[in-house]
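# Fold and contact review
Below, each chain spelled out in residue letters.
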Amino acid sequence: MPKSGKQRRAELVARRKARAASPEPRPAAPISDDELPVDRAQLKPFNSYSGPEWFVRGTYRDVEFRCRDCRQEHTWTARAQKWYFEEAKGVVWGQASRCRDCSAKEQLRRAEARRVWAEGLAKKRARQQEEQG
Ligand SMILES: [Zn+2]
């Protein structure tokens, strides 16, 4: 006997409910907190046949590095790398060079340098206008 429209609708609803109950397939779960999967679709595009070690391996791992300013050993965590390459769209060949504290100081220093430079430029322009006017 052919199914009635009502039966078919009931089956559809049941299937939909079953699907809603089972969780969506999740993106690859972190392997551990110090090794995270690389989501290549999120990376800033780059023209190269190969890529850095983490790219080829497909996971980020904690990396030890020496800060160029304070010369201390620090860890560039897998989590921080994932953020840097996938959210902040950092260049894939980028590497950690400064620790968190030193890069904050460096940012302040650069902002101050920009401010001084802009101020100097404004003064120079004002002087030029005075001379012309
Ligand atoms: Zn440092």
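Residues numbered from 1 in each chain as written. Predicted model: local features only at pLDDT ≥ 70, side-chain atom pairs only at ≥ 80, totals over all residues. Heavy atoms only, no water.

Moving on, we come to the overall build of the protein. Across its full length, the protein carries 4 helices and 4 strands. Counted from the first residue to the last, the protein has its helices and strands arranged as α-β-α-β-β-β-α-α. The buried share of the protein, reckoned over its 133 residues, is 20%. Pairs at least 24 residues apart make up 48% of the contacts formed inside the protein by residues separated by at least 6 positions. In the form shown here, the protein has an accessible surface area of approximately 11200 Å², with 52% of it arising from carbon and sulfur atoms. (Helix = DSSP H or I, 4+ residues; strand = E, 2+ residues; numbered from the N terminus. Buried < 20%, exposed > 50% of the residue type's maximum accessible area, 1.4 Å probe, protein only. Contact = heavy atoms within 4.5 Å. Areas by Shrake-Rupley, 256 points an atom, 1.4 Å probe, with all protein chains shown as cover.)

Next up on the list: the coordination of the zinc ion. For the zinc ion, the protein coordination sphere consists of Cys67 (SG), Cys70 (SG), Cys99 (SG) and Cys102 (SG), at 2.3 to 2.4 Å. Residue Cys99 is classed as buried on the basis of its relative accessible area, which comes to 7%. (Donors = N, O, S within 2.8 Å, 3.2 Å for Na, K, Ca; no water.)

The next subject is unusual backbone geometry. In the Ramachandran plot, Arg71 falls in the positive-phi region, its phi being about 60° despite a non-glycine side chain. Assignment of secondary structure puts Arg71 in the loop between β3 (63-66) and β4 (73-76). For Lys89, which is not glycine, the phi dihedral falls at a positive 55°. Secondary-structure assignment places Lys89 in the loop between α3 (78-87) and α4 (100-132).

This next bit is on the side chain of Thr59. With respect to the secondary-structure elements, Thr59 resides in strand β2 (residues 59-61). Residue classification places Thr59 among the buried positions, given a relative accessible area of 7%. Of note is the side chain of Thr59, whose polar atom sits 2.7 Å from the side chain of Glu35. (Polar contact = N/O pair within 3.5 Å; in protein donor to acceptor, adjacent residues only side chain to side chain.)

Taken as a whole, α3 has its buried residues at Ala78, Gln81, Phe85 and Glu86. Here the buried residues of α3 occupy an arc of 100° about the axis, which is enough to place them on one side. Residues of α3 that are exposed and point over 90 degrees away from its buried face: Trp83 and Glu87. Tucked into the core, α3 has its buried residues touching β1 (35-37), α2 (53-57), β2, β3 and β4. (Arc of directions from axis to C-beta.)

Here we come to the packing of aromatic side chains. This structure, assessed with the given rule, holds 8 aromatic pairs. Summarising the aromatic geometry, the rings of Trp54 and Phe55 are spaced 6.2 Å apart at their centres and angled 80° between planes, so their arrangement reads as edge-to-face. The two residues Trp54 and Phe55 agree in class, both being buried. Taken together, a centroid distance of 6.1 Å and an interplanar angle of 5° make the contact between Tyr60 and Phe85 stacked. With Tyr60 in strand β2 and Phe85 in helix α3, this residue pair connects regions lying 25 residues apart in the sequence. Put simply, the rings of Phe46, Trp54, Phe55, Tyr60, Trp76, Tyr84 and Phe85 pair up and form one aromatic cluster. Positioned over the ring face of Phe55 is Arg40, at 4.5 Å from the centre of the ring. (Phe/Tyr/Trp six-rings, centres within 6.5 Å; stacked < 30°, edge-to-face > 60°. Lys NZ or Arg CZ within 6 Å of the ring centre and 35° of its normal.)

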